[in-house]
Amino acid sequence: MYKTKAYTATSATSPLTGTTIPRRDPTEHDVQIEILFCGICHSDLHSVRNEWSEFMPTVYPIVPGHEIVGRVTKVGTAVTRYKPGDLAAVGCLVDSDRTCPRCKAGLENFCPNLKLTFNSPDTHLGGVTYGGYSDSIVVDERFVLRVPSNLDLAGTAPLLCAGITTYSPMRRNSVGKGKKVGVVGLGGLGHMAVKFAHALGAHVVVFTTSPNKKDDALRLGADEVVLSRDASQMQKHAGSIDFILDAVSADHDINAYLNLLALDGNLTIVGAPPKPLGVSAFSLIFGNRSFSGSNIGGIPQTQEMLDFCGAHNITADVEVIPMQKVNEAYERLVKSDVKYRFSIDMASLDAE
Ligand code: NAP
Ligand code: ZN
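Remember, predicted model here, so these are calculated numbers, not experimental data.

Basis of the calculations
Each chain has its residues counted from 1, running along the sequence as written. Written order decides the labels, with chains lettered from A and ligands numbered from 1. Since the coordinates come from a predicted model, pLDDT governs what is reported: local features require at least 70, and pairs of side-chain atoms require 80 or more to be given and counted, while whole-chain, interface and lining totals use all residues. With hydrogens and water excluded, all non-hydrogen atoms of the structure serve as input to the side-chain values. Each helix is a run of H or I in the DSSP string that is no shorter than four residues. Each strand is a run of E no shorter than two, and both are numbered from the N terminus. Values of the radius of gyration come from C-alpha atoms, whereas the globule rule sets the reference at 2.2 Å times the count of residues to the power 0.38. Note on exposure labels: buried denotes an accessible area under 20% of the residue type's maximum, exposed denotes more than 50%, and partly exposed covers the range between, all computed with a 1.4 Å probe on protein chains only. Two strands qualify as a pair provided that DSSP identifies no fewer than 2 bridges between them. With strands facing away from the observer, any crossover in which the path from the first strand over the helix to the second runs clockwise is taken as right-handed. In what follows, residue pairs with any heavy atoms lying within 4.5 Å of each other are defined as contacts. Here the expected length of a helix is defined as 1.5 Å per residue gap, with one fewer gap than residues. The rule is simple: put a 1 Å grid over the protein atoms alone, call a set of points where a 1.4 Å probe fits but cannot get out a cavity, call an open set with protein on both sides within 12 Å along at least five of seven lines a pocket, and count a residue as lining if it has an atom within 4 Å of a point. Grid points are joined across faces, edges and corners, and a volume is the space filled by probe spheres set on the points. Any residue outside Ala, Val, Leu, Ile, Met, Phe, Trp, Tyr, Cys, Pro, Asp, Glu, Lys and Arg is labelled polar, Gly included; the first ten of those are nonpolar and the last four are charged. Only buried residues count toward a nonpolar core. Its members are Ala, Val, Leu, Ile, Met, Phe, Trp, Tyr and Cys residues joined through side-chain atoms within 4.5 Å.

Caption draft 1: Geometry of the overall build of the protein chain. If you tally the helices and strands in the protein chain, you get 12 helices and 16 strands. By the compact-globule yardstick of 20 Å for 352 residues, the protein chain fits well, its C-alpha radius of gyration being 20 Å. For the C-alpha atoms alone, the extent of the protein chain along its principal axes is close to 60 × 40 × 35 Å. Residues classed as buried in the protein chain amount to 56% of the 352 residues present.

Caption draft 2: Broad picture of the pairing of strand β15 (residues 318-322). The sheet contact formed by β15 and strand β16 (residues 341-345) spans five bridges and is parallel. Within β16, the position partnered with Val320 by the bridge is Ser343. Taken together, β15, helix α11 (residues 326-334) and β16 form a β-α-β motif whose crossover is right-handed.

Caption draft 3: Representation of the side chain of Gln303. Relative to the assigned elements, Gln303 resides in helix α10 (residues 299-312). Dropping the residues within four chain positions of it, Gln303 is found in contact with Leu145 and Arg146.

Caption draft 4: Spatial organisation of helix α5 (residues 188-199). Taking 1.5 Å of rise per residue, 12 residues should cover 16 Å, and α5 covers 17 Å from first to last C-alpha, within 8% of that figure. The buried fraction of α5 amounts to 10 of the 12 residues, a majority that puts the element mostly inside the structure. Of the residues making up α5, those classed as buried are Gly188, Leu189, Gly190, His191, Met192, Ala193, Val194, Lys195, Phe196 and Ala197. Looking one or two residues beyond α5, the residue adopting positive phi is Gly201, at roughly 95°.

Caption draft 5: Representation of empty space enclosed by the protein. Counted under the stated rule, the structure contains one cavity of 30 Å³ or more. Its volume calculated, the largest cavity comes out at about 70 Å³. In terms of lining residues, the largest cavity is bounded by Gly91, Cys92, Leu93, Leu145, Leu160, Ile164, Ile296, Gly297, Gly298, Ile299 and Thr302. Looking at the lining of the largest cavity residue by residue, the classes come out as seven nonpolar, four polar and no charged.

Caption draft 6: Here's a closer look at the nonpolar core. Ranked by size, the top nonpolar core spans 90 residues in total, and within it Ile40, Tyr133, Met170 and Phe196 carry the most contacts. In this structure Met170 touches Val175, Ala193, Phe196, Ala197, Leu200, Phe243 and Leu245, once residues within four positions along its chain are discounted. Counting residues in hydrophobic clusters, the runner-up holds 15 residues, among them Phe207, Val226, Leu258 and Ile269.

What follows is the structure, encoded as structure tokens:
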């Protein structure tokens, strides 16, 4: 066991502050990674503030962070795919049982014995797992991803959650040329969704509550931008969209978007507002529409997404911040004021 620097919250109302946490010494299949950048996902904020207490109650102290990019510093004796000095990434998953049908299908994200990067039982050290707001992490090589060498590292970190969470449902729903795709909420996930849908050749319509994001939406790859609080702008798209990805973090009117779906259209929700959404049966019945959810993605598809990003030179648009600004960043996140993902430069922890 060794100690490493980290940022932690000790209750739902406490700010994140500096601390030291234990990490295991790498066992034979482990990779030890010096963390260079860690993205800030809205799920970090939901968890720190225990907003999902009904579904995933937070255990304190919590060290969030599941969009991790870094450099390998040490590997266990049985590790074959990484060596010290390599770039490496870790997303939302750090372990699973590897034997269940879901693991065998590469869907570790649905394993009943899944271990998340933070706030899951830590089978090595006891307590719970600690995430990426930290100097270093130790992860089994099966859950470590390769980083394409051409990508900017600060902008690569968010791919590990915002990237895979938007890429996976788009692939499942055959987003591509000839499809009209809607993206709701231009935040961390939403802006990645726009980039992917555009790269896949779809006609992309962004729905935003923020008028000042219009130019950015077009620059990111949108073909059209709709201010979702303007009913007449919404009405123009009624019954016309093949696939909508909803990446909104707070309560909103889901029926307003279901009504935009074409015949047989699908709306997939990836945003995880703490409170239930009221779905009108009629929004679905009139048009054989479907409403689904999607949860991150498995390890093989996460690697596929990173390779796709390497091939298409796609990274997140990031605001790089020092660790010490994390509480300010959280306040801006709740105000939908991030362009379009915060990426923490972990070198800032060394100064503490
Ligand atoms: P984010 O960067 O904060 O973006 C959320 C966006 O939602 C905002 O930028 C804003 O976009 C819109 N929004 C916020 N409040 C709103 C409101 N009251 N009404 C309408 N729109 C509102 O968050 P994120 O990191 O992208 O995460 C989005 C959600 O996905 C979170 O709930 C997160 O927990 C969840 N998530 C789910 C998964 C999964 O596997 N399913 C994975 C990661 C994250 P505009 O300014 O454009 O309106
Ligand atoms: Zn996330």
